[in-house]
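Observations on the three-dimensional arrangement
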Amino acid sequence: MAFVIGLTGGIGSGKTTVANLFAAQRIDIIDADIVAREVVEPGSAGLQAIVERLGSDILLTDGSLNRSKLREAIFSDHQLKEWLNQLLHPMIREKMQQDIAAAQSPYCLLVVPLMVENNLQVMTNRLLVVDVDEETQIARTQQRDNVSAEQIRSILASQASREQRLAAADDVICNNGNGDNLEQQVARLHQEYLALSRQQNNTPQC
Ligand code: ADP
């Protein structure tokens, strides 16, 4: 049985950076953002359902989903947004379960930006939160995405608060400091997760 560590954090907290450090330890990473794209790939049931509802105008000329058009459509249509969530969320969860079952490393990392918001930590054995102070979070996101501090603040307001995330956490990585420190924190957690996954695999099951 797969041992699953959930990884979450607010925008620009350092999830991708941390996931890359675990990947460097040969840990399999399942990333919800990638899975969310896979379930609407050309030929998928997800894309077919979207085309049935919105017509082929929602496709780009190469047959892939026109994401910005879909984003605009759901921005002004709450019912459509609900319909889309109800269509895609179960597909995303199912694909993440399949990827977890196929993982080969002693434990795997399930990276979900909105883990706490969508209560997806139920899919994990343990939740790791990347925590960062708001100032650092805004400065790093601004530098990465070239967007205004105001835009980032509005995204922050739409996400779970730092406190809500920390309340759900089993483990916390503090990412206010520099990269060296991050590597040490990941190395320590990696050893702990290896030990925990060994324990789980030694537990007799019916
Ligand atoms: P997330 O995936 O949570 O949105 P990222 O891992 O992309 O966050 O990190 C946001 C930005 O901050 C990236 O440009 C990344 O390179 C940078 N970053 C992350 N951690 C650190 C750190 N400890 N020191 C300096 N820059 C960092």
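The shown structure was predicted, so the numbers you read here are calculated from the model rather than taken from an experiment. (Residues numbered from 1 in each chain as written. Predicted model: local features only at pLDDT ≥ 70, side-chain atom pairs only at ≥ 80, totals over all residues. Heavy atoms only, no water.)

You can read the domains of the protein as domain 1 (1-27 + 106-199) and domain 2 (35-104). For domain 1 versus domain 2, the distance between C-alpha centres works out to 25 Å. Contact with domain 1, which involves eight residues of that partner, is made by six residues of domain 2. Both faces combined, the contact of domain 1 with domain 2 buries some 600 Å², and carbon together with sulfur accounts for 84% of it. Joining domain 1 to domain 2, the criterion identifies zero salt bridges. Between the two partners, domain 1 and domain 2, sit zero residue pairs in polar contact (both at pLDDT 80 or more). By residue class, the composition of the side of domain 1 that touches domain 2 is eight nonpolar, no polar and no charged. (Domains from an automatic or database assignment. Contact = heavy atoms within 4.5 Å. Buried area = accessible area lost by both parts, 1.4 Å probe. Salt bridge = Lys/Arg side-chain N within 4 Å of Asp/Glu carboxyl O. Polar contact = N/O pair within 3.5 Å; in protein donor to acceptor, adjacent residues only side chain to side chain. Nonpolar A, V, L, I, M, F, W, Y, C, P; charged D, E, K, R; others polar.)

The buried fraction of strand 1 (residues 4-8) amounts to five of the five residues, a majority that puts the element mostly inside the structure. Neither face of strand 1 is left uncovered, since the one carrying Val4, Gly6 and Thr8 and the one carrying Ile5 and Leu7 both have all their residues buried. Where strand 1 and strand 3 (residues 108-111) come together, four bridges link them in parallel fashion. Counted as the bridge partner of Gly6 is Leu110 from strand 3. Pairing analysis gives four bridges linking strand 1 to strand 4 (residues 126-131), with the strands arranged parallel. Across the sheet, Ile5 pairs through a bridge with Arg126, a residue of strand 4. (Buried < 20%, exposed > 50% of the residue type's maximum accessible area, 1.4 Å probe, protein only. Helix = DSSP H or I, 4+ residues; strand = E, 2+ residues; numbered from the N terminus. Pairing = 2+ DSSP bridges.)

In this fold, Glu135 is placed in helix 6 (residues 134-145). For the pair Glu135 and Leu189, spaced 54 residues apart in sequence, the C-alpha separation works out to 26 Å.

Now for the layout of surface pockets. Of the voids in this model, the second largest pocket is the one considered here, and its volume is about 190 Å³. Lining the second largest pocket are 14 residues, and of these Gln137, Ala160, Ser161, Arg162 and Arg165 sit closest to its centre. Among the secondary structure elements, those contributing two or more residues to the lining of the second largest pocket are strand 4, helix 6 and helix 8 (162-168). In terms of residue count, the dominant contributor to the lining of the second largest pocket is strand 4 (three residues). (1 Å grid on protein atoms, 1.4 Å probe; cavity = no way out; pocket = protein on both sides within 12 Å on 5 of 7 lines; lining within 4 Å. Points joined across faces, edges and corners; volume = space filled by probe spheres on them.)

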